Amino acid sequence: AFRAAQSARDAAALTTCVLFAGNCWRELDELELALEHFELGLLLARLQGEPEAMARALNGFALVQQRRGEVDAAEQTYQLARELARQAASGSAWALTNLGGIHLDRRELEQAAACFERALQLSLGIADTRTTAVVHLNRAELFLAAGEQACAQAACAEAFELCCR
């Protein structure tokens, strides 16, 4: 039993490392390498039966699609990631945040606001400070797009306060 548990932890750690590498490649704008890592991470997560890791891998795919300007495909991938993330409390908030970003890019402000509000509720509910800060930053962008300068400043202040704790 101990070896099986250790093996499962090792597999989960490997998946996390592969997905982290995918995000690093994405940040470096090496999108093909990023996709290869997200594909491998998705495969590993499927083999482990880990919906949260599968959602993180799909989220990575969607971020690459969004960067490439494939907004419709990214939206569909974010939706799929969100469905998987619902099975894991920590994943749904960031999936909604990213989906809200798609709506914001499209200037669909009401839909973006709804995604960000739900993401905020979820991240606060599980005390996920990092995700909550990111949601506040996305809300600030939304407020700026809506011409609400004071609300944008307040949202930035919330994010800053969370980051400085």
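Residues numbered from 1 in each chain as written. Predicted model: local features only at pLDDT ≥ 70, side-chain atom pairs only at ≥ 80, totals over all residues. Heavy atoms only, no water.

## Remarks on the packing of helix H7 (residues 129-145) against helix H8 (residues 149-163)
If you want to describe how two helices pack, look at the angle between their axes and the distance between the axes. Stated precisely, the cut-off is as follows: Axis definition: a line fitted to C-alpha atoms, over the contacting stretch in the case of helices. Angles run 0 to 180 degrees between N-to-C directions. Under the DSSP-based scheme used, a helix requires at least four consecutive residues in state H or I and a strand at least two consecutive residues in state E, with every element numbered from the N terminus. Should an angle lie under 35 degrees it is considered roughly parallel, over 145 roughly antiparallel, and from 65 to 115 roughly perpendicular; all remaining angles are considered oblique. Take the far helix as the reference: if the near one is turned anticlockwise from it by less than a right angle, the crossing is left-handed, and if turned clockwise, right-handed. Any two residues whose heavy atoms approach within 4.5 Å at even a single point are treated as in contact. Basically, the charged four are Asp, Glu, Lys and Arg, the nonpolar ten are Ala, Val, Leu, Ile, Met, Phe, Trp, Tyr, Cys and Pro, and anything else, Gly included, counts as polar.
Viewed as axis vectors pointing N to C, H7 and H8 meet at an angle of 165°, and their least axial separation amounts to 8 Å. Comparing the axis directions of H7 and H8 gives the class roughly antiparallel. Read as a crossing pair, H7 and H8 show a hand that is left-handed. Mapping the contact onto sequence places Thr-129, Thr-132, Ala-133, His-136, Leu-137, Arg-139, Ala-140, Phe-143 and Leu-144 in H7 and Gln-149, Cys-151, Ala-152, Ala-155, Cys-156, Glu-158, Ala-159, Leu-162 and Cys-163 in H8. Residues that form the contact of H7 with H8 fall into these classes: twelve nonpolar, four polar and two charged.

## Overview of the layout of surface pockets
The condition that has to hold: Cavity means a closed set of points on a 1 Å grid over the protein atoms alone, one where a 1.4 Å probe fits but cannot get out, pocket means an open set with protein on both sides within 12 Å along at least 5 of 7 lines, and lining means a residue has an atom within 4 Å of a point. Grid points are joined across faces, edges and corners, and a volume is the space filled by probe spheres set on the points.
The computed volume of the largest pocket comes to approximately 830 Å³. Along its surface, the largest pocket is lined by 28 residues, and Asn-59, Leu-63, Trp-94, Asn-98 and Arg-130 are the ones closest to its centre. Elements supplying a minimum of two residues to the lining of the largest pocket: helix H1 (2-27), helix H3 (51-67), helix H5 (89-105) and H7. Taken together, the residues that form the lining of the largest pocket break down as nine nonpolar, eleven polar and eight charged.

## What to know about helix H4 (residues 71-85)
Our working rule: Take the number of residues in a helix, subtract one, and multiply by 1.5 Å to get its expected span. Under the scheme applied here, a residue whose accessible area is under 20% of the maximum for its type counts as buried, over 50% as exposed, and between as partly exposed, the area being computed with a 1.4 Å probe on protein chains only.
For H4, built from 15 residues, the straight-helix expectation of 21 Å at 1.5 Å per residue is met to within 8% by its first-to-last C-alpha distance of 20 Å. What H4 keeps buried is the set Ala-74, Glu-75, Thr-77, Tyr-78, Ala-81, Arg-82, Leu-84 and Ala-85.

## Examining H8
Note the following rule: In this description, one arc is meant: the one made by directions from the helix axis to the C-beta atoms.
Look at H8: 21 Å from first C-alpha to last across 15 residues, which is about the 21 Å you get at 1.5 Å a residue. All of the buried residues in H8 are Ala-152, Ala-155, Ala-159 and Leu-162. Buried positions in H8, seen along its axis, are confined to an arc of 90° and lie on one side of it. H8 presents Ala-150, Gln-153 and Phe-160 as exposed residues on the side facing more than 90 degrees away from its buried surface. In this structure, the buried side of H8 is in contact with H7.

## Examining a nonpolar patch on the surface
This is how it is decided: For patch detection, residues must exceed 30% relative accessible area and be free of salt bridges, and they are connected within 9 Å for like charges or within 5 Å for nonpolar side chains (Val, Leu, Ile, Met, Phe, Trp, Tyr). Here the open area of atoms and residues is found with the Shrake-Rupley method and a 1.4 Å probe, where only the protein chains shown may cover a residue. Any carboxyl oxygen of Asp or Glu that lies within 4 Å of a side-chain nitrogen of Lys or Arg is treated as forming a salt bridge with it.
Side chains of Leu-40, Leu-43 and Leu-47 sit close together on the surface and give an oily, nonpolar patch of about 310 Å² of accessible area. Summarising the element assignment, Leu-47 is placed in helix H2 (residues 31-48). A relative accessible area of 67% means that Leu-47 is categorised as exposed.

## Focus: the nonpolar core
Nonpolar side chains in soluble globular proteins tend to end up buried together. Applied cut-off: The term nonpolar core refers to a set of buried residues drawn from Ala, Val, Leu, Ile, Met, Phe, Trp, Tyr and Cys, joined through side-chain atoms within 4.5 Å.
Ranked by size, the top nonpolar core spans 19 residues in total, and within it Phe-38, Leu-42, Leu-58, Phe-61 and Val-64 carry the most contacts. Listed by contribution, the elements that provide at least two residues to this core are H2, H3, H4 and H5. Other than its neighbours up to four places away in sequence, Leu-42 contacts Met-54, Ala-57, Leu-58 and Phe-61. Among the nonpolar cores identified, the runner-up in size contains 15 residues, and Leu-63, Tyr-78, Leu-96 and Val-135 belong to it.

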